[in-house]
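Read off the chains here:
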Amino acid sequence: MKIFFLGDIFGSTGRKAVKKYLPQIIKDEKPDLIIANAENLTHGDGASEKHLTEMEKAGIDAFTGGNHIFKIEEIFNSKRKNLARPANFPEGTPGVGYVIVNNVLIINLMGRVFTGGELLDCPFRKAEEIIEKHKKVDAVIVDFHAETTSEKKALKYFLDGKATAIFGTHTHVATCDYTISENGTFFVSDVGMTGPVEDSIIGVKKDIILKKFLTNLSVRHAPAKGKTIFQGFLLDISNKKVQNFRRIKLFSE
């Protein structure tokens, strides 16, 4: 089985990069499942049904979220069976914390360190609980949307041999600590975003973020334009274990 996981898609430039590069990856690699983090899909802040459908047409099969996933209120009532918001959100939160697509269990979790996560359930226990209920799936993919590498790496060790792959998202900056454990679990602290990198600070126009740091005034974020990065990982999986992987990193004007 081949699975391709795509990092946080940021705004229109991120969506444009997906439509440019993903069809060729599908043609060349023929992945069985394509997953993407979509919490910044629409203007870098939330995900609309329109843009989720746009990405489905480009080839993405399933979506994960994070702290911004409900910024666009129509998602509150979404009946999608391919969109997972963090499973450790409080009971009663709209949506579902995991989905099963092509017999692959996809779990979305939110970190609690430096994220204002005092109201969140424990992501470690929640993941273990979900995995225990779904033992007959072909693979277990976890998107851990968290701020710190320490919390992400702790989850790696906690789920080693239980999860097939743990993809860190949220910081938008790719890390180079990708590895496969002896038990066949793939891990990376952050996949990195798919979105604007030119004149950008994690996707937002650089002048806006500089103003925030220099004045401490409240600012309204706006996605940057220009050069775009496309980042993801292609995994080869057998018996719920990752046999090998390839990082994909492409740039477009």
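Residues numbered from 1 in each chain as written. Predicted model: local features only at pLDDT ≥ 70, side-chain atom pairs only at ≥ 80, totals over all residues. Heavy atoms only, no water.

### A few points about the packing of helix 1 (residues 11-29) against helix 2 (residues 49-58)
Applied cut-off: Simply put, an axis is a line fit to the C-alpha atoms, just over the touching stretch for a helix, and the angle between two N-to-C directions goes from 0 to 180 degrees. Numbering of helices and strands runs from the N terminus; a helix is a DSSP stretch of H or I covering at least four residues, while a strand is a stretch of E covering at least two. Should an angle lie under 35 degrees it is considered roughly parallel, over 145 roughly antiparallel, and from 65 to 115 roughly perpendicular; all remaining angles are considered oblique. Only heavy atoms enter the contact rule, under which two residues are in contact if any of them lie within 4.5 Å. Each residue receives one of three labels: charged for Asp, Glu, Lys and Arg, nonpolar for Ala, Val, Leu, Ile, Met, Phe, Trp, Tyr, Cys and Pro, and polar for the others, Gly being one of them.
Relative to each other, helix 1 and helix 2 sit at 25 degrees, their axes nearing to 9 Å. Classified by the angle between their axes, helix 1 and helix 2 sit roughly parallel to one another. Counting all contacts with helix 1, which are made through Arg15, Val18, Lys19, Leu22 and Ile26, the residues of helix 2 involved are His51, Glu54, Met55 and Ala58. A per-class count over the contact of helix 1 with helix 2 returns 5 nonpolar, 1 polar and 3 charged.

### Focus on the nonpolar core
Just so we agree on the cut-off: To define a nonpolar core, start from buried Ala, Val, Leu, Ile, Met, Phe, Trp, Tyr and Cys residues and group those joined through side-chain atoms within 4.5 Å. Partly exposed describes any residue whose relative accessible area lies between the buried limit of under 20% and the exposed limit of over 50%, with all areas from a 1.4 Å probe on protein chains only and scaled to the type maximum.
The biggest cluster of nonpolar side chains holds 28 residues, and the ones touching the most others in it are Phe4, Leu6, Ile9, Val18, Leu52, Ile60 and Phe230. Mapped by element, the contributors of at least two residues to this core are strand 1 (2-6), helix 1, strand 2 (33-37), helix 2 and strand 14 (228-238). Here the element with the most residues in this core is helix 1; it accounts for 5 residues. The contact partners of Val18, leaving out residues within four places of it in the chain, are Leu6, Ile9, Pro23, Met55, Ala58, Ile60, Thr194 and Phe230. Core analysis: the second largest hydrophobic core is formed by 21 residues, Ile35, Ala84, Leu235 and Ile237 among them.

### Structural notes on the environment of Ile106
Along the chain, the position of Ile106 falls in strand 6 (residues 104-110). Separated by 128 residues in sequence, Ile106 and Leu234 have C-alpha atoms that sit 15 Å apart. Ignoring anything within four residues of it in the chain, the contact list for Ile106 reads Leu33, Ile35, Ala62, Thr64, Ala84, Gly97, Tyr98, Val99, Val101 and Ile141.

### Thoughts on the packing of helix 3 (residues 123-133) against helix 4 (residues 149-158)
Describing two packed helices takes the angle between their axes plus the distance from one axis to the other. Stated formally: Note: crossing handedness is left-handed where the near helix turns anticlockwise from the far helix by less than a right angle, and right-handed where it turns clockwise.
Running from amino to carboxyl end, helix 3 crosses helix 4 at an angle of 35 degrees, the nearest separation of the two axes being 10 Å. Along this stretch, helix 3 crosses helix 4, giving a crossing that reads as right-handed. In this structure, helix 3 uses Pro123, Phe124, Arg125 and Glu128 to contact helix 4, whose residues at the interface are Glu151, Ala154, Leu155 and Phe158. The residue inventory of the contact of helix 3 with helix 4, partitioned by class, reads 5 nonpolar, no polar and 3 charged.

### Describing the packing of aromatic side chains
The following threshold applies: Stacked, tilted and edge-to-face are the three classes applied to pairs of Phe, Tyr and Trp rings, where Trp contributes its six-membered ring and a pair requires centres within 6.5 Å; stacked means planes under 30 degrees apart, edge-to-face means over 60, and tilted covers the rest. Any Lys NZ or Arg CZ found within 6 Å of a ring centre and within 35 degrees of that ring's normal is scored as a charge over the ring.
Applying the stated rule across the entire model yields 13 aromatic pairs. Taken together, a centroid distance of 4.2 Å and an interplanar angle of 5 degrees make the contact between Phe5 and Phe167 stacked. Separated by 162 residues along the polypeptide, Phe5 in strand 1 and Phe167 in strand 8 (residues 165-169) bring together distant segments of the chain. The class of Phe5 is buried, set by a relative accessible area of 1%. A connected cluster of aromatic rings, assembled from ring pairs, spans Phe5, Phe167, Tyr178, Phe186, Phe233 and Phe245. A cation sits over an aromatic face here: Lys162 above Phe158, 5.3 Å from the ring centre. One residue, Lys227, lies across the ring of Phe251, its end atom 5.1 Å from the ring centre.

### Some details on the pattern of salt bridges
Quick note on the threshold: Salt bridges are counted wherever a side-chain nitrogen of Lys or Arg sits within 4 Å of a carboxyl oxygen of Asp or Glu.
Under the definition given, this model contains 13 salt bridges. In this structure, the salt-bridge partner of Glu49 is Arg80, at a minimum N-O distance of 2.7 Å. One end of the pair, Glu49, is in helix 2; the other, Arg80, is in the loop between strand 3 (62-64) and strand 4 (83-84), and 31 residues separate them in sequence. Residue class for Glu49 comes out partly exposed when judged on its relative accessible area of 24%. Since its relative accessible area comes to 16%, Arg80 is described here as buried.

### Describing the pairing of strand 2
Our working definition: DSSP calls a pair of strands paired once it identifies at least 2 bridges connecting them. Looking down the strands as they point away from the viewer, one classifies a crossover as right-handed if the path from the first strand across the helix to the second runs clockwise.
Most of strand 2 sits inside the fold, with 5 of its 5 residues counted as buried. Where burial is concerned, the two faces of strand 2 agree: the one with Leu33, Ile35 and Asn37 and the one with Ile34 and Ala36 are both buried. Sheet topology note: the strand 1/strand 2 ladder contains 4 bridges and is parallel. By the bridge assignment for strand 2, Leu6 is matched with Ala36. Taking the sense of rotation as the criterion, the β-α-β connection linking strand 1, helix 1 and strand 2 turns out right-handed. In the classification by handedness, the crossover that spans strand 2, the intervening helix 2 and the parallel strand 3 is right-handed.

### Digging into the sheet that holds strand 5 (residues 98-101)
Here 6 strands make up an open sheet; going across it, the order is 5-6-7-8-10-9 and the pairing mixed. In the strand order of this sheet, the two ends are held by strand 5 and strand 9 (179-180), each with one partner. In the packing of helix 3 onto the sheet, contacts are made with strand 5, strand 6 and strand 7 (139-145), and the angle to strand 6 comes to roughly 165 degrees.

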